[in-house]
Amino acid sequence: MVDVTGIGSWPGTDVREALRAVRDELTDAPEGVRAIPYLPELPARGPGADIVGRAARLLVDLPVDLQPQGWRLVDRPGRDAERAASLLSQDLDELAEAFDGYAGPLKVQVAGPWTVAASLWRPLGDRVLDDPGATRDVADSLAEGVTAYLAKVQSLVPGAELLLQVDEPSVTAVLLGRIRSESGYRVLRTPASGEVVATLRQVLAQTTARVCGVHTCAGEPPVALLREAGAGFLALDMTWLDRGRFEEVAAAVEAGVALWAGLDLSAGDPLEPLLRRWREVGLPAAALADVGLTPPCGLASSTPAEALRVTRAAAQGALRLAEQAVA
């Protein structure tokens, strides 16, 4: 069954309208395709709706506030943290209404521990990433918060089969030592790959979602590492998958990890990059039935009309992919 879904972000500031669009476009699919609706994120609403602020709001017993450098750990929640909580509460209320009586797959997204650690600031110091103990504390807190978050979503949509997408746009920069200090004069610590795997696994190992996977649209995605961390699917921008890296994808696919291919759906033949790589590494055509199709990244920078067109193009592409799998 070919999956089709979006990455997560959506243009505009009206979450009710966004949810209705996602629901209407992704709750019905032709034979051979599984449409996966999701809780859209609307960063245009401002602080608290951004990827880091949204995840920071989920932290348990680690209050945050928005300061000039960005989101920072503080002694007690500030006004911006309260605003983030209000936005999330609004989103969940609208989700419950839009998906009342729904039964089927439903995806939620959250920033991963390494993206949070690379973006969140310590109370008196640099980013959380620079302190191994602070990184562990944030990862533990995030894992606990995500578990509670998913339980809340499940209670609001009891018929949902939850999927969790952990967004890690910063994981490549973390692994390659590209996160710089506040002054810019030094590079923050570069954690060992084993630490990156173990920390990411903390969030992926929560038990309330049926499937947990990782999305990154950054270049040089660490495919083998994400697989080792226990990702059930890898949502990757096909632009960055050269022959060598796609061989790592093939190994993951053969081990049972699903590929969600991020494709430029405005291209003349959007499936061509995927099908070409698939043939090059010798994967069987029948295995295309287990692939997912998404845009390369979120849709926040588009217009609502463009977001709808991309979503519909993804559904049409998924149908073509399903046909390729049985040809």
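Below is a short write-up of the structure. (Residues numbered from 1 in each chain as written. Predicted model: local features only at pLDDT ≥ 70, side-chain atom pairs only at ≥ 80, totals over all residues. Heavy atoms only, no water.)

## Regarding the overall build of the protein chain
Secondary structure summary: the protein chain contains eleven helices and ten strands in total. At 19 Å, the protein chain has a C-alpha radius of gyration in line with the 20 Å of a compact globule built from 327 residues. For the protein chain, the C-alpha atoms occupy an extent of roughly 60 × 45 × 35 Å along the three principal directions. By residue count, 54% of the 327 residues in the protein chain fall in the buried class. For the protein chain, the proportion of contacts with a sequence separation of at least 24, taken over those separated by at least 6, is 72%. Counting 31 positive and 44 negative side-chain charges, the protein chain places the centres of these two groups 3 Å from one another. (Helix = DSSP H or I, 4+ residues; strand = E, 2+ residues; numbered from the N terminus. Rg over C-alpha atoms; globule rule 2.2 N^0.38 Å. Buried < 20%, exposed > 50% of the residue type's maximum accessible area, 1.4 Å probe, protein only. Contact = heavy atoms within 4.5 Å. Lys, Arg positive; Asp, Glu negative; His and termini not counted. Charge placed at Lys NZ, Arg CZ, Asp CG, Glu CD.)

## Notes on the pairing of strand E9 (residues 258–262)
Counting buried residues in E9 gives four out of five residues, a clear majority hidden from the surface. One ladder, built from five bridges, connects strand E8 (residues 233–237) with E9; its direction is parallel. Bridge pairing in E9 places Leu234 opposite Leu259. Following the backbone out of E8, through helix H9 (residues 243–254) and into the adjacent parallel E9, one traces a crossover that is right-handed. Bridge count between E9 and strand E10 (residues 292–294): three bridges; the pairing is parallel. Within E10, the position partnered with Gly262 by the bridge is Thr294. As for the winding sense of the linkage, the β-α-β connection from E9 through helix H10 (residues 272–280) to E10 is right-handed. (Pairing = 2+ DSSP bridges. Right-handed = clockwise from strand over helix to strand, strands pointing away.)

## What to know about the sheet that holds strand E1 (residues 2–4)
Strand order in the open sheet formed by eight strands is E2-E1-E10-E9-E8-E7-E6-E5, with parallel pairing between adjacent strands. Taken across any chain shown, the strands that pair with only one partner, and hence form the sheet edges, are strand E2 (33–35) and strand E5 (103–111). Strand-to-strand twist in this sheet, taken as the mean axis angle between neighbours without regard to direction, amounts to 25°. With two bridges joining them, E1 and E10 adopt parallel strand pairing. Within the sheet, the bridge partner assigned to Val4 lies in E10 and is Leu293. Where helix H5 (residues 132–156) meets the sheet, it contacts E5 and strand E6 (159–167), and its direction lies at approximately 150° from that of E5. (Axes fitted to C-alpha atoms, helices over the stretch in contact; angles between N-to-C directions.)

## Overview of the side chain of Arg277
Looking at the element boundaries, Arg277 is found in helix H10. In this structure Arg277 comes out as buried when scored by relative accessible area, which is 16%. Reaching out from Arg277, the side chain makes a polar contact with the side chain of Glu280 at a distance of 2.7 Å. With sequence-adjacent residues up to four places away left out, Arg277 is seen in contact with Met238, Leu241, Asp242, Arg243 and Phe246. (Polar contact = N/O pair within 3.5 Å; in protein donor to acceptor, adjacent residues only side chain to side chain.)

## A word on a negative patch on the surface
A cluster of acidic residues, Asp61, Asp137, Asp140 and Glu144, forms a negative patch at the surface. With respect to the helices and strands, the residue Asp61 is situated in the loop between helix H2 (51–58) and strand E3 (64–67). Asp61 gets classed as exposed once you look at its relative accessible area, which sits at 70%. (Patch = residues over 30% accessible without salt bridge, like charges linked within 9 Å, V, L, I, M, F, W, Y side chains within 5 Å. Areas by Shrake-Rupley, 256 points an atom, 1.4 Å probe, with all protein chains shown as cover. Salt bridge = Lys/Arg side-chain N within 4 Å of Asp/Glu carboxyl O.)

## Points about the environment of Ala287
With respect to the helices and strands, the residue Ala287 is situated in the loop between H10 and E10. The spacing of Ala287 and Ser301 is 14 residues in sequence and 33 Å in space, taken between C-alpha atoms.

## What to know about the packing of H5 against helix H7 (residues 193–204)
Running from N to C, H5 and H7 cross one another at 25°; their axes reach a closest spacing of 8 Å. Relative to H7, the element H5 is oriented roughly parallel. In contact with Thr135, Ala139, Asp140, Leu142, Ala143 and Val146 of H5, H7 contributes Glu195, Thr199, Gln202 and Val203. When its residues are assigned to classes, the contact of H5 with H7 shows five nonpolar, three polar and two charged. (Parallel < 35°, antiparallel > 145°, perpendicular 65-115°, else oblique. Nonpolar A, V, L, I, M, F, W, Y, C, P; charged D, E, K, R; others polar.)

## What about the pattern of salt bridges?
Enumeration over the complete set of coordinates arrives at 15 salt bridges. Residue Asp131 is joined to Arg122 by a salt bridge in which the shortest nitrogen-to-oxygen separation is 3.6 Å. Under the relative-accessibility criterion, Asp131 is labelled partly exposed at 27%. For Arg277, the salt bridge goes to Glu280, with nearest N and O atoms at 2.7 Å. Here the residue Arg277 and the residue Glu280 both occupy positions in helix H10, the gap between them amounting to three residues, near one helical turn. With a relative accessible area of 30%, Glu280 lands in the partly exposed category. Through salt bridges with shared partners, one network takes in Arg45, Arg54 and Asp91.

## A short note on the state of the cysteines
Applying the stated criterion to the full structure yields one disulfide. We note that Cys212 lacks a disulfide partner, and the nearest cysteine sulfur, in Cys217, lies 20 Å from it. Residue Cys212 is classed as buried on the basis of its relative accessible area, which comes to 7%. (Disulfide = S-S within 2.5 Å.)

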